[in-house]
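# Topology and contacts: notes
Take a look at the letters that make up each chain.
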Amino acid sequence: GRGRGGRPDWRSMMNRYSFLPDSSTPPEIPLPARDARQKDEKREQILAGAIRAFAARGFHRTRVSDVAKAAGVADGTIYLYFQGKEDLLRAVFEEAMDRFFERGERVLAHADEPVEQLRAFVRLHLECVGEDRELAVVFQVDLRKSISFLQTVSRGRLQAYLEVLEGILHRGQAAGRFADDLTARELAK
């Protein structure tokens, strides 16, 4: 605004960002750790609810409201974290695969020989599937039924999973430990 005599009133033009190099936009202020932790917990709560709902009703019959009810949140809360049901399924898959890879790195680091690595890989796969029956149902039933979903994720974590397995099989074939009448890629699939 203007002050006395038509001169600019500097006090009204100043704000708390005026002394920053670009005062047109306020700086980004990081969320306090507690708020970020609560957001992560809510996201995990929704993912756990999605697993329960998908396992109980099947992905295609489950509505977002079913996920919200299973997660103990309002329907609209789902959309604060996910774009929809498909995004939820993708997140369930990606997070489970990320946990598998984290554990897999540790497990495979202790196995030197390809046969030992393959055993460790298969054991880890079965342990991961066996730890959560509802997640196993989602993986073994819903993911297999959704061709479009599998095509989407196959470019990502599923492909990485197959590449790790293919690498083990290839090293085993090169060492003469596994038959080579099929390629390592064919065996991995």
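Structure: see above.
Numbering of residues begins from 1 in every chain and follows the order in which that chain's sequence is written. Only residues with pLDDT of at least 70 are given local features in this predicted model, and only at 80 or more are side-chain atom pairs given and counted; all residues enter the totals for whole chains, interfaces and linings. Values shown for side chains rest on all heavy atoms present in the structure; no hydrogens or waters enter the calculation.

### Section: the nonpolar core
- Put simply, a nonpolar core is a bunch of buried Ala, Val, Leu, Ile, Met, Phe, Trp, Tyr and Cys residues held in one set by side-chain atoms that sit within 4.5 Å of each other. To sort residues, take the accessible area from a 1.4 Å probe on protein chains only and compare it with the maximum for the residue type: under 20% means buried, over 50% means exposed, and anything in between is partly exposed. Counting residues in each nonpolar core, the largest one holds 40 residues, and the members touching the most others are Ile 46, Phe 54, Val 67, Ile 78 and Leu 88.
- When contributions to this core are tallied by element, the ones reaching two or more residues are α2 (33–57), α3 (64–71), α5 (85–109), α6 (114–131), α7 (133–145), α9 (157–174) and α10 (184–188).
- Counting residues per element, this core draws most heavily on α5, which supplies 9 residues.
- In this analysis, two residues are considered to be in contact whenever any of their non-hydrogen atoms come within 4.5 Å of each other. Those residues within four positions of Ile 46 in sequence are excluded, and the remaining contacts are Val 67, Ala 71, Val 73, Thr 77, Ile 78, Tyr 81, Phe 82 and Leu 88. Elements are defined by DSSP. Helices are runs of H or I of four residues or more, strands are runs of E of two residues or more, and each kind is numbered from the N terminus.

### A word on empty space enclosed by the protein
- A pocket here means an open set of points on a 1 Å grid, computed over the protein atoms alone, that has protein on both sides within 12 Å along at least five of seven lines. A cavity is instead a set of points where a 1.4 Å probe fits but cannot get out; residues with an atom within 4 Å of a point line either one. Grid points are joined across faces, edges and corners, and a volume is the space filled by probe spheres set on the points. For the coordinates displayed, the defined rule picks out 1 cavity of 30 Å³ or more.
- Roughly 30 Å³ of volume is contained in the largest cavity.
- Elements with a contribution of two residues or more to the lining of the largest cavity: α9 and α10.
- Looking at the lining of the largest cavity, the element that brings in the most residues is α9, giving 3 residues.
- A per-class count over the lining of the largest cavity returns 2 nonpolar, 1 polar and 3 charged. Amino acids are sorted into nonpolar (Ala, Val, Leu, Ile, Met, Phe, Trp, Tyr, Cys and Pro), charged (Asp, Glu, Lys and Arg) and polar (every other residue, Gly among them).

### Details of the packing of aromatic side chains
- To pair, rings of Phe, Tyr and Trp, with the six-membered ring standing in for Trp, must have centres within 6.5 Å; the planes then decide the type, stacked if under 30 degrees apart, edge-to-face if over 60, and tilted in the middle. Applying the stated criterion across every chain, the model contains 6 aromatic pairs.
- With 5.5 Å between their ring centres and 90° between their planes, Phe 100 and Phe 121 make a pair best called edge-to-face. Of this pair, Phe 100 sits in helix α5 while Phe 121 is found in helix α6, placing the two residues 21 residues apart along the sequence. Phe 121 carries the same exposure label as Phe 100, and that label is buried.
- Between Phe 100 and Tyr 161, the aromatic rings sit 5.4 Å apart at their centres with planes inclined by 50°, giving tilted as the arrangement. Here Phe 100 is found in helix α5, whereas its partner Tyr 161 is found in helix α9, with 61 residues between them in sequence. Assigned by exposure class, Phe 100 and Tyr 161 land together as buried.
- One aromatic cluster is present, formed by Phe 100, Phe 101, Phe 121 and Tyr 161 through successive ring pairs.
- We call a charge positioned above a ring when the Lys NZ or Arg CZ atom is no farther than 6 Å from the ring centre and deviates by at most 35 degrees from the ring normal. Sitting over the ring of Phe 59, Lys 85 keeps its end group 4.7 Å from the ring centre.

### Things to note about α7
- Under the convention used throughout, the expected extent of a helix is 1.5 Å for every residue step, that is, one less than its residue count. For α7, with 13 residues, the first-to-last C-alpha span of 18 Å sits near the 18 Å given by 1.5 Å per residue.
- Of the residues making up α7, those classed as buried are Leu 135, Ala 136, Val 138, Phe 139, Asp 142 and Leu 143.
- Any pair of nitrogen or oxygen atoms within 3.5 Å is treated as a polar contact; in protein, a donor-acceptor pairing is required on top of that, and neighbouring residues in sequence qualify only through side-chain atoms on both sides. Sitting at the head of α7, Asp 132 places a side-chain oxygen 3.2 Å from the backbone nitrogen of Glu 134.

### Some points on the side chain of Glu 95
- Position of Glu 95 among the secondary structure elements: in helix α5.
- Within the structure, Glu 95 has its side chain in polar contact with the side chain of Arg 43 (distance 2.2 Å).
- Residues within four places of Glu 95 in sequence aside, it is in contact with Arg 43, Glu 44 and Leu 47.

### Things to note about α9
- Between its first and last C-alpha, α9 extends 26 Å over 18 residues, near the 26 Å set by a 1.5 Å rise per residue.
- Taken residue by residue, α9 has Tyr 161, Leu 162, Leu 165, Glu 166, Gly 167, Ile 168, Leu 169, Gly 172 and Gln 173 as its buried positions.
- Looking at the buried side of α9, the elements it contacts are α5, α6 and α10.
- After α9 finishes, the residue Gly 176 shows a positive phi value of roughly 80°.

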